[in-house]
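Here is how the chains run, residue by residue.
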Amino acid sequence: MDSSRQGIPTMTEDVARNALVSFVNSKCCYGNKAAGELVIQDLRQLTLYRYRLETFNESRLSEWTFEPLTSNLVDGPQNGTSPRPWDIKVQTPPLFQDDTRKFRIPHSSLVKACHKCHGHGRYKCSGCQGAGWMRCVSCSGTRQRRKQQRRCQMCSGTGRKRCSTCSGRGNKTCMTCQGEKKLLHFKQLIITWKNNVFEFVSEHQLDFPGELLSKVNGENVFKDENVLVYPIIDFPKPEISLASQRAIAEHNAAFTASSRILQQNKRSLQARSGGKIQQSRQDKYSSPLKALSRQTIELIPITEVHYQYAGKTYLYFIYGLENKVYTLDYPERYCCGCTII
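Taking an unreviewed UniProt entry as the reference, the protein chain is identified by name as Protein SSUH2 homolog isoform X8 belonging to Alligator sinensis.

## Observations regarding helix H1 (residues 13-25)
The terminal C-alpha atoms of H1, which comprises 13 residues, lie 18 Å apart, in line with the 18 Å expected from a rise of 1.5 Å per residue. Regarding H1, the residues found buried are Ala16, Ala19, Leu20, Phe23 and Val24. Each buried residue of H1 lies within a common arc of 125 degrees when the element is viewed along its axis, so the set occupies one face. Along H1, the residues that are exposed and aim more than 90 degrees away from the buried face are Asp14 and Asn18. Against helix H2 (33-37), strand E1 (39-68), strand E15 (293-309), strand E16 (312-319) and strand E17 (324-326) lie the buried residues of H1.

## A look at the environment of aspartate 75
The topology assignment puts aspartate 75 in the loop between E1 and strand E2 (99-104). On the accessibility criterion, aspartate 75 (28% relative accessible area) is partly exposed. Each C-alpha atom, one on aspartate 75 and one on isoleucine 105, is 9.4 Å from the other, the two residues being 30 residues apart in sequence. There is a polar contact of 2.8 Å between the side chain of aspartate 75 and the side chain of histidine 107.

## What about the confidence of the model for the protein chain?
With 83% of its residues at a pLDDT of at least 70, the protein chain reaches an overall mean of 83. For the protein chain, per-element mean pLDDT is lowest for strand E14 (residues 278-279), which scores 48, and highest for strand E3 (residues 110-113), which scores 97. Taken as a whole, residues 1-5 scores under 50 in pLDDT and shows eight contacts with residues more than four places along the chain or in a different chain. For residues 279-291, every residue scores under 50 in pLDDT, and the model assigns this stretch 32 contacts once sequence neighbours within four places are set aside.

## Quick word on helix H3 (residues 238-255)
An α-helical segment advances 3.6 residues per turn. Residues three or four places apart therefore align on the same side. Helix length check: H3 (18 residues) gives 26 Å between terminal C-alpha atoms against 26 Å at 1.5 Å per residue, within 8%. Every buried residue of H3 is listed here: Ile240, Ser241, Ala243, Ser244, Ala247, Ile248, His251, Asn252 and Phe255. Each buried residue of H3 lies within a common arc of 160 degrees when the element is viewed along its axis, so the set occupies one face. For H3, exposure combined with an orientation more than 90 degrees from the buried face picks out Pro238, Leu242 and Ala253.

## A closer look at the packing of aromatic side chains
Tallied over the entire structure, the rule returns ten aromatic pairs. Seen in terms of ring centroids, phenylalanine 208 and tyrosine 326 are 5.6 Å apart; in terms of plane orientation they differ by 80 degrees. Their pairing is edge-to-face. Remark: tyrosine 326 occurs in strand E17 and phenylalanine 208 occurs in the loop between strand E10 (182-201) and strand E11 (219-226); sequence separation between them is 118 residues. Each member of the pair phenylalanine 208 and tyrosine 326 is classed as buried. Cluster of aromatic residues (ring-pair linked, three or more members): Phe208, Phe317, Tyr319 and Tyr326. Over the face of the ring belonging to phenylalanine 186 we find arginine 104, whose NZ or CZ atom lies 4.1 Å from the ring centre.

The rules behind each value
- Residues numbered from 1 in each chain as written.
- Predicted model: local features only at pLDDT ≥ 70, side-chain atom pairs only at ≥ 80, totals over all residues.
- Heavy atoms only, no water.
- Helix = DSSP H or I, 4+ residues; strand = E, 2+ residues; numbered from the N terminus.
- Expected span 1.5 Å × (residues − 1).
- Buried < 20%, exposed > 50% of the residue type's maximum accessible area, 1.4 Å probe, protein only.
- Arc of directions from axis to C-beta.
- Contact = heavy atoms within 4.5 Å.
- Polar contact = N/O pair within 3.5 Å; in protein donor to acceptor, adjacent residues only side chain to side chain.
- pLDDT = per-residue confidence, 0-100.
- Phe/Tyr/Trp six-rings, centres within 6.5 Å; stacked < 30°, edge-to-face > 60°.
- Lys NZ or Arg CZ within 6 Å of the ring centre and 35° of its normal.

See the structure below:
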């Protein structure tokens, strides 16, 4: 495929060299002499398709929780019936970004005595068992040093010391109710928004870590963002059509039963690839919940750069529209385990 027809600039020797120089300069353990003096022998520019399905879903969970009672205003059942979790209206965060928020469900509050201190606001110190003092560890309570036969200086001859845990009070403020003696129990709504991503990259035979392609941008050729998206059929690369069908089936099975799908994403094709993309239509969506999805196809450029330095042949890759660099055998590497990515 001619990448220049896809809006992707053609890779030149100057661009390839500058990309390597830039990344080498960002690494403390790589020398820049080789990057400046290497002789480029071959540039093999390829493009891969990256397919993504993003399903932005919302899940809701209500659970009982409590906090110290600090106000006489209690929004309990006397003010009405508590709404169901999905009946509570909240503002949706930015689409396709993970987020979690917690809300107090109206009319669900009630007051109870603190279960930790039994409504006293304080509880017996576990260090001194309420005595306020403990046996001196220096003289073991004998009031004097055994070898020196004189009064213990640590406890002033009393044989005991004030409890450091409760400062001699014999009790401590209850941390559960903060000394308020009562707790406000209420139902808490936990709303989780999650962007679930299915990603597939078309097959290639390059000695290149495919996971790096998730971190770069490509030239977008297909986008559809809608309440519901449908599988792609007849894409010029059959594996992309199959990935679309598998992704949508997996997301629908995984999320429609337990959460509300707010949106899925799929992008309409600009007919740059020479073929006409169709979408298979389902008669109905099995879940009554709202959906929000995004489906995209991008062209990711990868250039395999073969070069010579000091009589030896080496290889590095330039990938993504950002011209990131990946190499394993750069000739001026001063420490082990470094990889330019």
